[in-house]
Amino acid sequence: MKLQQLRYLCETANHNMNLSRAAKNLHTSQPAISKQIQLLEEELGVEIFLRNGKRIVRITPPGEQIIKIATRMLRDADNLKRIAQEFTDEAGGTLTIATTHTQARYALPPVIKRFTARYPKVKLILRQGNPMQISSLVSSGEADIAIATEAIEHFQELVMLPCYEWNRCVVVPPKHPLLKLKKLTLEAINQYPIITYDFAFTGRSKINQAFANKGLEPNVVLTAIDSDVIKTYVELGLGIGILANMAFDAKRDKNLKSIDASHLFEPSTTRIGISRNSYIRGYVFDFIEMFAPHLDQATIQAKLKSHQTEN
């Protein structure tokens, strides 16, 4: 049994049994992956995948258990490398952060600037996606930490670290009728076409719930994964925008006006998700504390230990 075989196995499972995509991601050939998986099945004496001809159809019941163990073994192997790096190259390494556009564009820049100044030898990688995608990246070991508002809680192997609460604003063109209201209401918002986040993003469920509680059905004419895209289409007159308050900058967004809407929606909490089975290097602890000062190394380790005890 080789680690390479386990890596081929897990990569195939992670890509929904698509051998060509797994091969591309691993920089190898499809026949090479297929052969190594078959050799592993022969060694273990069980079928991991059910096949229809040469095509893999699904994972067998014993295959599901084998893949879980293989994933854990690969993560432990990576942990061994990280422990060695911790002592051979204390200031160098790689930090892969999986996050949403809003966090990457508005919340992270000052933190990343501080971090790179302190750790110039650490290579930073930002992987953007929706909350489910970025949580999956950490769960599979492809990223070190996830920063998101939703979805992290759906991954039992991830420990959630609450960072900060935020709410929303409504953005409109200058001289828009909503700017004349003494107090913004959902009923007033509902009179206009709405541009907001895609369903998988940034607390969209809180927006939907607020309207539903009032018996209203918002006229959402456009959704996007990018706050800047939302603002662009508001500028074009397609509707009014509902977005995270951190995503509006009066100096940069000179062609728009912002109206506070925090009294209309429940606040959302941005969280950091880390794998409870990963070895965390010192500079990762420092990055997390820069982003959320209340999360120092002792607090994070206590949370990890508590989570391991519960599970």
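Structural data are supplied above this passage.
Residues numbered from 1 in each chain as written. Predicted model: local features only at pLDDT ≥ 70, side-chain atom pairs only at ≥ 80, totals over all residues. Heavy atoms only, no water.

Concerning the nonpolar core
Step number 1: Among the nonpolar cores identified, the biggest contains 28 residues, and I145, I272, I274, F287 and F291 are the most heavily contacted of them.
Step number 2: At the level of secondary structure, the elements contributing two or more residues to this core comprise β3 (93-99), α6 (109-118), β5 (145-148), β6 (158-166), β12 (268-275), α11 (282-291) and α12 (297-310).
Step number 3: The element contributing the most residues to this core is α11, with 7 residues.
Step number 4: Apart from residues lying up to four places away in sequence, I145 is in contact with T96, I97, A98, V138, I272, G273, I274, V284, F287 and I288. (Core = buried A, V, L, I, M, F, W, Y, C linked by side-chain atoms within 4.5 Å. Buried < 20%, exposed > 50% of the residue type's maximum accessible area, 1.4 Å probe, protein only. Helix = DSSP H or I, 4+ residues; strand = E, 2+ residues; numbered from the N terminus. Contact = heavy atoms within 4.5 Å.)

Notes on α6
Step number 1: Taken together, the buried positions of α6 are occupied by V111, I112 and F115. Burial along α6 is one-sided: seen end-on, the buried residues are contained in an arc of 95°. Along α6, the residues that are exposed and aim more than 90 degrees away from the buried face are K113 and A117.
Step number 2: Looking at the buried side of α6, the elements it contacts are β3, α5 (101-107), β4 (122-128) and α11. (Arc of directions from axis to C-beta.)

Thoughts on the packing of helix α1 (residues 3-14) against helix α2 (residues 19-26)
Step number 1: Packing of α1 against α2 leaves a shortest axis separation of 8 Å and a crossing angle of 125°. Overall, the two elements α1 and α2 adopt an arrangement that is oblique. Like other packed secondary-structure pairs, α1 and α2 cross with a definite hand, here right-handed. For the pair formed by α1 and α2, the contact residues are R7, Y8, E11 and T12 on the first element and L19, A22, N25 and L26 on the second.
Step number 2: Looking at the contact of α1 with α2 residue by residue, the class counts come to 4 nonpolar, 2 polar and 2 charged. (Axes fitted to C-alpha atoms, helices over the stretch in contact; angles between N-to-C directions. Parallel < 35°, antiparallel > 145°, perpendicular 65-115°, else oblique. Left-handed = near helix turned anticlockwise from the far one by under 90°. Nonpolar A, V, L, I, M, F, W, Y, C, P; charged D, E, K, R; others polar.)

Examining the pattern of salt bridges
Step number 1: All chains considered together, the criterion is met by 5 salt bridges.
Step number 2: A salt bridge links K231 to D228; its shortest N-O distance comes to 3.5 Å. Of this pair, K231 and D228 are both found in helix α10 (residues 227-235), 3 residues apart, which corresponds to roughly one turn of the helix.
Step number 3: Judged by relative accessible area, K231 falls into the buried class, the value being 4%.
Step number 4: A salt bridge links D253 to K231, with the nearest nitrogen and oxygen atoms 3.0 Å apart. With D253 in the loop between β10 (240-244) and β11 (257-260) and K231 in helix α10, this pair connects stretches of sequence that are 22 residues apart. (Salt bridge = Lys/Arg side-chain N within 4 Å of Asp/Glu carboxyl O.)

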